[in-house]
Amino acid sequence: MNPNDAQEIQLSDVKPIVSTTDLWGIIKYANKYFQKVSGYTEEELIGSPHNIIRHPDMPKVIFKLMWERIKKDKNILAIVKNRTKSGDYYWVTTLFETKYHPLTKNREGYLAIRKAAPRHAIEKIIPLYQKLLEIERHEGVEASEDYLIDFLVEQNMDYDTYVKDLVDNQGITTKFFNSIKKMFG
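Residues numbered from 1 in each chain as written. Predicted model: local features only at pLDDT ≥ 70, side-chain atom pairs only at ≥ 80, totals over all residues. Heavy atoms only, no water.

J.: Give me the lowdown on a negative patch on the surface, citing residues and values where you can.
T.: There is a patch of like negative charges on the surface, built from Glu 142, Asp 146, Asp 150 and Glu 154. Examined against the element boundaries, Asp 150 turns out to sit in helix α5 (residues 141-155). Taking the relative accessible area as the measure of exposure, Asp 150 reaches 47% and is therefore partly exposed. (Patch = residues over 30% accessible without salt bridge, like charges linked within 9 Å, V, L, I, M, F, W, Y side chains within 5 Å. Areas by Shrake-Rupley, 256 points an atom, 1.4 Å probe, with all protein chains shown as cover. Salt bridge = Lys/Arg side-chain N within 4 Å of Asp/Glu carboxyl O. Lys, Arg positive; Asp, Glu negative; His and termini not counted. Charge placed at Lys NZ, Arg CZ, Asp CG, Glu CD. Helix = DSSP H or I, 4+ residues; strand = E, 2+ residues; numbered from the N terminus. Buried < 20%, exposed > 50% of the residue type's maximum accessible area, 1.4 Å probe, protein only.)

As structure tokens, then:
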């Protein structure tokens, strides 16, 4: 598909997209809504790297930040543009967190809970992501990270706070993620 022909998929405001991976980002579980939205079958998703849905419009620095955080057992909230099997795309607010074995308490993988990103958050994040991508193309991921850090310092917040301010309408997003986490606890 020509990238210019890609269409945005409108997501349900109440259905979660849920997946789990092992410690290396290989998909172990993908709920039915994830399969439907992504256009991939369960068989295509399970055993595939989670970046199968990575959209080229996403700055690498966001995933660098995500991996650094979850490898330190810290959750991260992010706004992500994903690509479907057909080349279309969808925007999500994603909570990434570490999963632990219930008996050994050892890290065993990661949980990603996603919901539709609010339109106003998408409109605010696109210019930032475009700038980060431009920097990555010309100067690399480290320069992009430096820009992101400076941007957040100017906002007087960290990435999590910035994203939460964009998406957490009166705590609704937090409540949504907490209720879904209980089901996958």
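J.: Describe in detail the nonpolar core, supporting the description with residues and values.
T.: Ranked by size, the top nonpolar core spans 53 residues in total, and within it Ile 79, Tyr 129 and Tyr 159 carry the most contacts. Residues within four places of Ile 79 in sequence aside, it is in contact with Met 58, Trp 91, Val 92, Ala 117, Ala 121, Ile 125, Tyr 129, Tyr 159, Val 163, Leu 166 and Val 167. (Core = buried A, V, L, I, M, F, W, Y, C linked by side-chain atoms within 4.5 Å. Contact = heavy atoms within 4.5 Å.)

J.: Could you give me a rundown of the environment of Asp 158, with the residues and numbers involved?
T.: With respect to the element layout, Asp 158 can be found in the loop between α5 and α6 (159-167). On the accessibility criterion, Asp 158 (42% relative accessible area) is partly exposed. Remark: the alpha-carbon pair of Asp 158 and Lys 64, spanning 94 residues in sequence, is separated by 15 Å.

J.: Break down the packing of aromatic side chains for me, citing the residues and quoting the values.
T.: Each pair of aromatic rings is reported with the distance of its centres and the angle of its planes. For the structure shown, the criterion picks out three aromatic pairs. When the ring of Trp 67 is compared with that of Tyr 110, the centres are 5.5 Å apart and the planes differ by 90°; the resulting orientation is edge-to-face. One end of the pair, Trp 67, is in helix α3 (residues 60-71); the other, Tyr 110, is in strand β5 (residues 107-116), and 43 residues separate them in sequence. According to the relative accessible area criterion, Trp 67 is partly exposed, its value standing at 24%. When the centroid spacing of 6.4 Å and the interplanar angle of 25° are considered together, the rings of Trp 91 and Tyr 129 count as stacked. Taken together, the residues Trp 91 in strand β4 (residues 89-100) and Tyr 129 in helix α4 (residues 119-139) connect sequence positions 38 residues apart. On the basis of relative accessible area, Trp 91 is assigned to the buried category, the value being 7%. Of the residues examined, Tyr 129 reaches a relative accessible area of 2% and is grouped as buried. When the ring centre of Tyr 89 is taken as reference, the NZ or CZ atom of Lys 81 above it lies at 4.3 Å. (Phe/Tyr/Trp six-rings, centres within 6.5 Å; stacked < 30°, edge-to-face > 60°. Lys NZ or Arg CZ within 6 Å of the ring centre and 35° of its normal.)

J.: Provide a residue-level description of the side chain of Thr 21, including the pertinent values.
T.: By secondary structure assignment, the location of Thr 21 is in strand β1 (residues 17-21). Not counting residues within four places of it along the chain, the set of residues in contact with Thr 21 comprises Ile 26, Ile 27, Lys 28, His 50, Glu 108, Gly 109 and Tyr 110.

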